[in-house]
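# Secondary and tertiary structure notes
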Amino acid sequence: MWLKPEEILLKNAFKLWVTEKGNDYFVLQRRRGYGEGGGGLTGLLVGTLDTMLDSTSKVAPFRILHQTPDSQVYWSIACGGTKEEISQHWEWLEKNIMRTLSVFDSSDDITSFVQGKIRGLIAEEGKVSCVQEDDPEKFREALLRFEKWFDLPQKEKLVTYYSCSYWRGRVPCQGWLYLSTNFLSFYSYLLGSEVKLVISWNEIWRLEKTSNVILTESIHVLANGEDHFFSMFLHLNETFLIMEQLADYSIKRLFDKETFQEEPSLSDPLQITKRGLETHARNEQFRAFFRLPKEENLLEVYESFLWVPFSHFNTLGKICLSESYLCFASQDGSQCHVIIPMREVIGVEKPDRSSRALIVCVRGKRALRFSEVRDFERLANAIRRRCGMTASPQGECQNLINHFEDNPEEVALMVGQKDSSKAVSTEALMTVFHPQDTENLDPKMLKEKMKEQSWNIHFSEYGRGTSMFCTKKTRDLIVRGIPEALRGELWMLFSGAVNDMATNPGYYSELVDQSLGTSTLATDEIERDLHRSLPEHPAFQSDTGISALRRVLTAYAYRNPKIGYCQAMNILTSVLLLYAKEEEAFWLLVAVCERMLPDYFNRRIIGALVDQAVFEELIRMHLTQLTEHMTDLTFFSSVSLSWFLTLFISVLPIESAVNVVDCFFYDGIKAILQLGLAVLDYNMEGLISSHDDAEAVTILNKFFDNVTNKDSPLPQTVQQNSVGNNDKASSISKVDVSDLIKEAYEKYGDMKSEEVESMRKRNKLYVIQTLEDTTKQNVLRVVSQEVKFSASQLDELYILFKRQHFLSCYWTMNSPVLLHHDPSLAYLEQYQLGFHQFSLLFSLLEPWSLCSGKDTLFLWAFRLLDENQDGLVNFKEFCCALDILYSGTFTSKLTFLFKLHQPPECQKTHCAFCFTPTGRGKVDLQAYLKQWQDEILKKEESIKDLPRINQAQFIQFSKTLYNLFHSDPEEESLYRAVARVTSLLLRMEEVGRRLQEPTSPQKSSTSPIQEAGSIPQEVEWSFAFEQILASLLNEPVLVRFFERPVDIQARLDHAKCAQLKAKTNE
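Criteria and cut-off values
Residues numbered from 1 in each chain as written. Predicted model: local features only at pLDDT ≥ 70, side-chain atom pairs only at ≥ 80, totals over all residues. Heavy atoms only, no water. Helix = DSSP H or I, 4+ residues; strand = E, 2+ residues; numbered from the N terminus. Buried < 20%, exposed > 50% of the residue type's maximum accessible area, 1.4 Å probe, protein only. Contact = heavy atoms within 4.5 Å. Areas by Shrake-Rupley, 256 points an atom, 1.4 Å probe, with all protein chains shown as cover. Pairing = 2+ DSSP bridges. Axes fitted to C-alpha atoms, helices over the stretch in contact; angles between N-to-C directions. Salt bridge = Lys/Arg side-chain N within 4 Å of Asp/Glu carboxyl O. Disulfide = S-S within 2.5 Å. Phe/Tyr/Trp six-rings, centres within 6.5 Å; stacked < 30°, edge-to-face > 60°. Polar contact = N/O pair within 3.5 Å; in protein donor to acceptor, adjacent residues only side chain to side chain. Parallel < 35°, antiparallel > 145°, perpendicular 65-115°, else oblique. Left-handed = near helix turned anticlockwise from the far one by under 90°. Nonpolar A, V, L, I, M, F, W, Y, C, P; charged D, E, K, R; others polar. Patch = residues over 30% accessible without salt bridge, like charges linked within 9 Å, V, L, I, M, F, W, Y side chains within 5 Å. Lys, Arg positive; Asp, Glu negative; His and termini not counted. Charge placed at Lys NZ, Arg CZ, Asp CG, Glu CD. pLDDT = per-residue confidence, 0-100.

### What about the overall build of the protein chain?
- From N to C terminus, the protein chain includes 42 helices and 26 strands.
- The proportion of buried residues among the 1066 residues of the protein chain is 51%.
- The contacts of the protein chain with a sequence gap of at least 6 include a subset with a gap of at least 24, amounting to 68%.
- Of the roughly 50600 Å² of accessible surface on the protein chain, 52% is carried by carbon and sulfur atoms.

Put into structure tokens, the structure is as follows:
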């Protein structure tokens, strides 16, 4: 079968392969131990090894490698189980590929073509094979083994399974890797030795592909401080992709609380499938590459040639079709790509059936010709169906082009031609405050006009607007800096915001109307920061700029309350408003916050921290001289945070920073990473010679202050670099921002966006787990002051509590804990348990063996701990209860049990027993301050303050004591002791009641209750806590029972083993 091309560095490593056929571009090899002439001892060993392996781990005995004459690198492109199968592939290559390769001039072009062709074949085969699921019988058998070996809850959904080896030290254990929705599991049983491993996806710190001397390729998993290595996969990349998707799905669902409402395949954790995960990954990659709205999904892919008019040749690539867009990208992804919104398509023709060609006509006098489309008729029908048009007669496209030539007012392709709302500003602030003087002919303005002319030439060749070809020449123009007049239009185009705005007409105006006048925590923060946003710029010294900034930020906070408002958003939005109209600035902000910089603007700024980790990794790769001098790179993380959050706007003069923003909107975060490396490289000598962090910061700050934009046409009053720097100009050399950006692209431009995304995913796990670990340390530090648990015991308790929290989220998207999660709460409140999860964990940890009535007792315990009656208990409250039961005195334990049997303080209704979480809504800071003050003023509770319990409560209290003694060695003695105490207390109360009866006979006969018409009732007796305590203290066997030390570690170990097996149904 055809394989996705993978690089092989050593063609004959360890002499495992024998070459059977070869030519200048391909090699057919046979694995030793197969076919004629087994290969002696080596062949015998190889054959024995392959025979012992499971069928899914065997290496195919035949393979085809691609090579070029002047390269030492080989690519595996096909494998086969029989010589007949591999021979068919070889013949196909000779017949269809060999003749074509002779037309290419360079080896890179040959390799690129071969890889593209093989991927196309795989895609075509996939269309047929995807209909056929894996053998259901085999999967059913695997599911039965999975359930038997790991004893996980039945609701756990097995996604897929693979045969592989798990390395314990230097010894591999051959077995099965099972990937389910919430767990990574491995099982092996060889020669009487059983290996069983279960890891929750949310516990993983690292997930990466690695290689070393022993393991050529393996998957490394770091979880709970332990390293795990898995190798010998038949399809390692496929396995890793599924693992990466499951880990990412778990992180988003459990930590970020996403519900995936717009993705049916992921909205239910009980219905996750391998195909659904692969589709999700493919859609994410598709949207990220073409900067499309999150609603778009990749529906169909066609291999095709596109006629590139500016280069006068056909380029091979892929047509990617979604509901609303037709996209094309050349094979390497960088030569050219084009995005055609279906709303812009005005006609589709099939001019030449022999070449399987297709012409798509779009508004703006443009026509794109695709050829060699394997199923071109199906593609044409799909485009027409999505555009709502019928089949176009021959020549109709040319007629439409002529029509638009004669009626240019109907061309609605350009950005900004739609009518804006009257309620918002319709001009960019730079246009209002600094209109260009067309008669000004100074050198800077002349250069600006030359830039504009260069872009106009580019538009005439490559098109303008949403269907413009993006090529290497486009990037070259961007590196030089976008002209002021075109900046807003091109930012909208490259970010994809133009499509968001076009498909949501009137949306921003509605948001403005709905959000203005609202008062929230976000709006308060926005008002505070309005006048801190580019305060030196005249546009934000006036009500016009401040009002526009307020509207955009408030509208976005209203649109996305999950983000609301975050510092740095004001700085970024200010720059957007300078060059884009108000509505365009809003959609640019949406593109940045929700698509280009995900998770940047929230309370934990996870996205920025992830990119900082990626930046550190790149520093180690590219700036080895710096890493040798500074082994701890956390300094660069703290320094570079503002670089990422504000896209260098906060550190560079505004006239220089906008050039960085130009590159960001075209290349994404890759442009910021490149520039960061270039800045450190430029200051390498100074940073290496610096003695401390403060000196290094000073060096970088001085550098940024002297980054200029010599071509900027902005007036001197606006340029930040020109103010206050004249005295330093002689001592510190100036650096032009265009030269700096150009150097960044020349040195680090070969970095691929796919590699950056892979690094992001790899580091996101580590960043989130580091933040979680910090939260844990903060919680443990607070709780440790209240309890007597050791540090290790408290740590284990936290892990159990957190896992129990997640167990309520593993198999449902509607968990109360999940729905009412508020990330803005204090860290003590981040993980809480509802009643059901509390009772499950409490039953595993409570020190007594309750035989009956435990559900009621747990309900009372939950009610007692849930002081604010929100239906949730936090870790501190949980630990304090266990601390009393484990390490408390006889009196404190008895006090706890006594309180359990008292009614709620405010017993207006029975809602306290329902415990439906009410959530907390918005964070009430005043309420937190009051709660904090009450805790400070809270005095030590005295047993005299406890209210008395009545007859029914005392009877239940006695039953609870009986239940505690079940299976105790002194069970009979304890029962007798409780009976004696109960009998004594009842006699005492009877005597006391008789002594009181003669004293007030008339009072009892004229009670208010009887006067109200109620039936006369016997006066109920009650007990004070002091009476019960004094009576129990007279029974030594009871005192010994409650003061008996508890083996805390044994309870914790038992809970760890039994937690997943406990009933988890809500």
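### Quick notes on the pairing of strand E8 (residues 183-190)
- The element E8 is extensively covered by neighbouring structure, given that 6 of its 8 residues are classed as buried.
- Pairing analysis gives 4 bridges linking strand E7 (residues 171-180) to E8, with the strands arranged antiparallel. Counted as the bridge partner of Leu177 is Phe186 from E8.
- Linking two consecutive strands that pair antiparallel, namely E7 and E8, is a turn of 2 residues.
- Where E8 lies against strand E9 (residues 193-200), 8 bridges are found, and the strand directions are antiparallel. Each bridged residue has a counterpart across the sheet, and for Tyr187 the counterpart in E9 is Lys196.

### As for the sheet that holds strand E3 (residues 26-31)
- Read across the sheet, 5 strands follow the order E1-E5-E4-E3-E2 without closing on themselves; strand pairing throughout is antiparallel. Every interior strand has two partners, whereas the edge strands, strand E1 (2-8) and strand E2 (17-22), have only one. Taken over all neighbouring pairs, the strand axes of this sheet differ in orientation by 30 degrees on average, direction set aside.

### Some points on the pattern of salt bridges
- A complete count under the given rule lists 43 salt bridges for this structure.
- We note a salt bridge from Glu617 to Arg762, for which the minimum N-O separation is 2.4 Å. Of the two residues, Glu617 is situated in helix H20 (residues 606-622) and Arg762 in helix H28 (residues 753-783); the sequence distance between them amounts to 145 residues.
- Several salt bridges converge on common partners, so that one network encompasses Glu20, Arg30 and Lys83.

### A short note on the state of the cysteines
- Within this structure, the stated rule accounts for 0 disulfides.
- In this structure Cys327 is not part of a disulfide, and its nearest cysteine sulfur, from Cys320, lies 6.6 Å away.

### Structural notes on the side chain of Ser355
- With respect to the helices, strands and loops of the structure, Ser355 is situated in the loop between strand E17 (345-349) and strand E18 (358-362).
- You can call Ser355 buried: its relative accessible area is 16%.
- In this structure, Ser355 is in contact with Arg369, Ser371 and Glu372, ignoring residues within four places of it in sequence.

### Details of the packing of aromatic side chains
- Using the criterion set out here, one finds 60 aromatic pairs in the structure.
- With 5.6 Å between their ring centres and 65 degrees between their planes, Phe286 and Phe290 make a pair best called edge-to-face. With Phe286 and Phe290 both in helix H7 (residues 274-290) and 4 residues apart, this pair spans about one turn of that helix.
- Their ring planes at 45 degrees and their centres at 5.1 Å tell us that Tyr682 and Phe703 sit as a pair that is tilted. Of this pair, Tyr682 sits in helix H24 (residues 669-682) while Phe703 sits in helix H26 (residues 693-705); the two residues are 21 residues apart in sequence, bridging distant segments of the chain.
- Residue classification places Tyr682 among the partly exposed positions, given a relative accessible area of 40%.
- A connected cluster of aromatic rings, assembled from ring pairs, spans Tyr798, Phe801, Phe835, Phe838, Phe842, Phe858, Phe862, Phe875 and Phe878.

### Some thoughts on unusual backbone geometry
- Not every positive phi belongs to a glycine, and Leu647 is a case in point at roughly 55 degrees.
- If you trace the backbone, Leu647 turns up in the loop between helix H22 (634-646) and helix H23 (654-667).
- Its identity is not glycine, yet Phe648 carries a phi of approximately 70 degrees, on the positive side.
- For Phe648, the location among the structural elements is in the loop between H22 and H23.
- Among the residues examined, Phe648 registers a relative accessible area of 1% and is labelled buried.

### Details of the side chain of Asp736
- Tracing the sequence through the fold places Asp736 in strand E22 (residues 735-736).
- Classification of Asp736 as buried rests on a relative accessible area of 7%.
- A polar contact of 2.9 Å, which involves the side chain of Asp736, links it to the backbone nitrogen of Lys710.
- For Asp736, the contacting residues outside a window of four places in its chain are Thr708, Asn709 and Lys710.

### A word on helix H13 (residues 487-495)
- Burial runs high along H13: 9 of the 9 residues are buried.
- The set of residues buried in H13 consists of Arg487, Gly488, Glu489, Leu490, Trp491, Met492, Leu493, Phe494 and Ser495.

### Let's talk about the packing of H20 against H24
- At their nearest, the axes of H20 and H24 sit 10 Å apart, and the two run at 50 degrees to each other. Relative to H24, the element H20 lies oblique. Between H20 and H24 the crossing geometry is right-handed. When H20 is examined against H24, the residues Asp611, Val614, Phe615, Leu618, Ile619 and His622 are found in contact with a partner set consisting of Ile669, Leu673, Gly676, Leu677 and Leu680.
- For the contact of H20 with H24, the residue count by class is 8 nonpolar, 2 polar and 1 charged.

### Quick look at the environment of Ser188
- Tracing the backbone shows Ser188 in strand E8.
- Considered as a pair, Ser188 and Trp176 are 12 residues apart in the sequence and their alpha carbons are 6.6 Å apart.
- If sequence neighbours within four positions are ignored, Ser188 has contacts with Cys173, Gln174, Gly175, Ser193, Glu194 and Val195.
- A polar contact is formed between the side chain of Ser188 and the backbone oxygen of Gln174, at a distance of 2.8 Å.

### Description of a positive patch on the surface
- Side chains of Lys4, Arg119, Lys209 and Lys752 sit close together on the surface and give a patch of like positive charge.
- Within the secondary structure, Lys209 is located in strand E10 (residues 204-210).

### Section: the confidence of the model for the protein chain
- In the predicted model, the protein chain carries a mean pLDDT of 81, and the fraction of residues at 70 or more is 81%.
- Confidence over residues 403-422 falls short of pLDDT 50; this stretch has 33 contacts with residues more than four positions distant or in other chains.
- Within the model, the stretch residues 722-730 combines pLDDT values under 50 with 5 contacts to residues more than four positions away or in other chains.

### Details of the pairing of E3
- For E3, the tally of buried residues reaches 6 of 6 residues, placing the bulk of the element in the interior.
- Burial along E3 is two-sided: Phe26, Leu28 and Arg30 and Val27, Gln29 and Arg31, pointing in opposite directions, are all buried.
- Pairing analysis gives 5 bridges linking E2 to E3, with the strands arranged antiparallel. From the neighbouring strand, Trp17 faces E3, where its bridge partner is Arg31.
- Between E2 and the antiparallel strand that follows it, E3, lie 3 residues.

### Some words on a negative patch on the surface
- Side chains of Asp70, Asp105, Asp108 and Asp109 sit close together on the surface and give a patch of like negative charge.
- Considering the arrangement of structural elements, one finds Asp109 in helix H4 (residues 107-129).

### Observations regarding the sheet that holds E7
- Sheet architecture is open: 7 strands sit in the order E9-E8-E7-E6-E12-E11-E10, paired in antiparallel fashion. Single-partner strands in this sheet number two, and they are E9 and E10. Taking each pair of neighbouring strands and ignoring which way they run, the sheet shows an average axis angle of 30 degrees.
- Seen against the sheet, helix H6 (residues 236-255) touches strand E6 (158-168), E7, E8, E10 and strand E11 (218-223) and runs at an angle of roughly 160 degrees to E10.

### Remarks on the packing of helix H16 (residues 521-529) against helix H17 (residues 543-559)
- At a minimum axis separation of 10 Å, H16 and H17 run at an interaxial angle of 160 degrees. Relative to H17, the element H16 is oriented roughly antiparallel. In terms of crossing hand, the pair formed by H16 and H17 is right-handed. In this structure, H16 contributes Ala522, Thr523, Ile526 and Glu527 to the contact, and H17 contributes Arg550, Leu553, Thr554 and Ala557.
- Residue composition of the contact of H16 with H17, by class: 4 nonpolar, 2 polar and 2 charged.

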